[in-house]
Each structure stands twice: as structure tokens, then as C-alpha cells.
Amino acid sequence: MKDLFALYAAFFRIGGLTFGGGLTMLPMLQHELVDKKHWVEEEDLLDYYAVGQCTPGIIAVNVATFVGYKKKGIPGAIFSTLGMISPSLIIVSIIALFLNEFMSNEYVAHAVAGIKVVVCALMLNTVFTMAKKTIKNYIGAIVCVLAFVVAMFTPVPTVLIVIAAGVFGILLTKIKKKEEGKK
């Protein structure tokens, strides 16, 4: 039971201290789950994030569910998921009570503007950290640049870009295995 409450508490902190969606949670997920708790390896976290992005639902909740399941099975998945969503439910419920007054407050508007800038910096840090660890050769660099260009300059849904990259990875592995078999 102690481990389940530890999962709940860790994801409650992550869910309560990150703003801006799933991508902005990556630095906290990495710090809390990989660096601090050592519950998952960084590569596993990136895999969970990629799968979480391709599956229905909120990315951060999906990642919490995957990590909880890996750590403690179905009970771990439930406690992690509840930990991730509890802060949002509490905060949104409180804000709903005072929404009109809250949004017209000058200090709130300035605080949100400041938070957006910091979230952008954290996202850039995560992107550079992930790139260093995942782009291992020129093919990976080309796939990264192509995915970025398609995501930025076309209406192609990011889910399709991720699926295409996955299919490309599978095909590339099969080609490499065939070439190794010929030697």
C-alpha cells in the first residue's frame, strides 16, 4: 500500500505543478520518475510518452497510467492516474466557483503570462535533452527534421506523423536484419 500512495503522491505533485499540457510535463516526469525515484528509465519514459500521444486521452494521464502499471500493475495504474488528475479536479472546481472574478484579475493575467514563458523554456530544455539521447545517427536526424517540418507546415495530424515514424523504424529494422543476414 505504501508504494501505491507513493505513486499517487508523485503524480499528484506532477499534476499540480505543471501547466500547459502533456509536453510541458516531460521535464517534471523526467525529474520525478527517472532522476529522483528511478521508477523508469529515460528511454522507457519517452516510449510511454510516444504511445500516450498516439492513444486517446490526455498524454500525461496516459503516461501516469503506464508508469503505475509498470510499477504495481492495475492498482498502480489506478493510483497513478488518480494522482495525476486529482490536482486538476481540485483546481478547476475552485476556479469554477470564482471564474469571472479570477479571469478579470490583473495579477492572474500577469502570472499566467509569466508561466507561459517559463513553460516554453522548459519545453525547449526537454526537446534538446530528448534529441541528444534519441537522435543517434544521420537517419534519426533526418526523420526528426522531416517530422518537425511536416508538423509545423502541413495540416497532417501529429498522430499520423508518429505512426509514420514508427512504421519507418520497423521497415528500417527489417532492412538492416536482411542485410546482416546476407553477410
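Residues numbered from 1 in each chain as written. Predicted model: local features only at pLDDT ≥ 70, side-chain atom pairs only at ≥ 80, totals over all residues. Heavy atoms only, no water.

(A) Region of interest: the packing of helix 1 (residues 2–17) against helix 4 (residues 59–97). Contact pair helix 1 / helix 4: the axes reach a minimum separation of 7 Å and the direction vectors enclose 40 degrees. Considered as vectors, helix 1 and helix 4 are oriented oblique to each other. Both helix 1 and helix 4 take part in a crossing whose hand is right-handed. Here the residues of the contact of helix 1 with helix 4 are counted per class, giving 15 nonpolar, 7 polar and 3 charged. (Axes fitted to C-alpha atoms, helices over the stretch in contact; angles between N-to-C directions. Helix = DSSP H or I, 4+ residues; strand = E, 2+ residues; numbered from the N terminus. Parallel < 35°, antiparallel > 145°, perpendicular 65-115°, else oblique. Left-handed = near helix turned anticlockwise from the far one by under 90°. Nonpolar A, V, L, I, M, F, W, Y, C, P; charged D, E, K, R; others polar.)

(B) Structural context of the domain arrangement of the protein. According to the domain assignment, the protein consists of domain 1 (2–102), domain 2 (104–134) and domain 3 (135–183). Taken over C-alpha atoms, the centre of domain 2 sits 28 Å from the centre of domain 3. (Domains from an automatic or database assignment.)

(C) Region of interest: the environment of Leu 160. Mapped onto the elements of the fold, Leu 160 is located in helix 8 (residues 158–182). By relative accessible area, which is 47% here, Leu 160 ends up partly exposed. (Buried < 20%, exposed > 50% of the residue type's maximum accessible area, 1.4 Å probe, protein only.)

(D) Fine view of the pattern of salt bridges. Inspection of every chain in the model, using the stated rule, returns 5 salt bridges. The partner of Arg 13 in a salt bridge is Glu 32, with the nearest N and O atoms 2.5 Å apart. In this pair, Arg 13 is assigned in helix 1 and Glu 32 in helix 2 (residues 22–36), connecting sequence segments 19 residues apart. Judged by its relative accessible area of 31%, Arg 13 falls in the partly exposed class. Residue Glu 32 is classed as buried on the basis of its relative accessible area of 3%. The closest approach of N and O atoms between Glu 42 and Lys 133, which form a salt bridge, is 2.7 Å. Here Lys 133 lies in helix 6 (residues 106–134) and Glu 42 lies in helix 3 (residues 42–54), a separation of 91 residues in the sequence. Classification of Glu 42 as buried rests on a relative accessible area of 12%. (Salt bridge = Lys/Arg side-chain N within 4 Å of Asp/Glu carboxyl O.)

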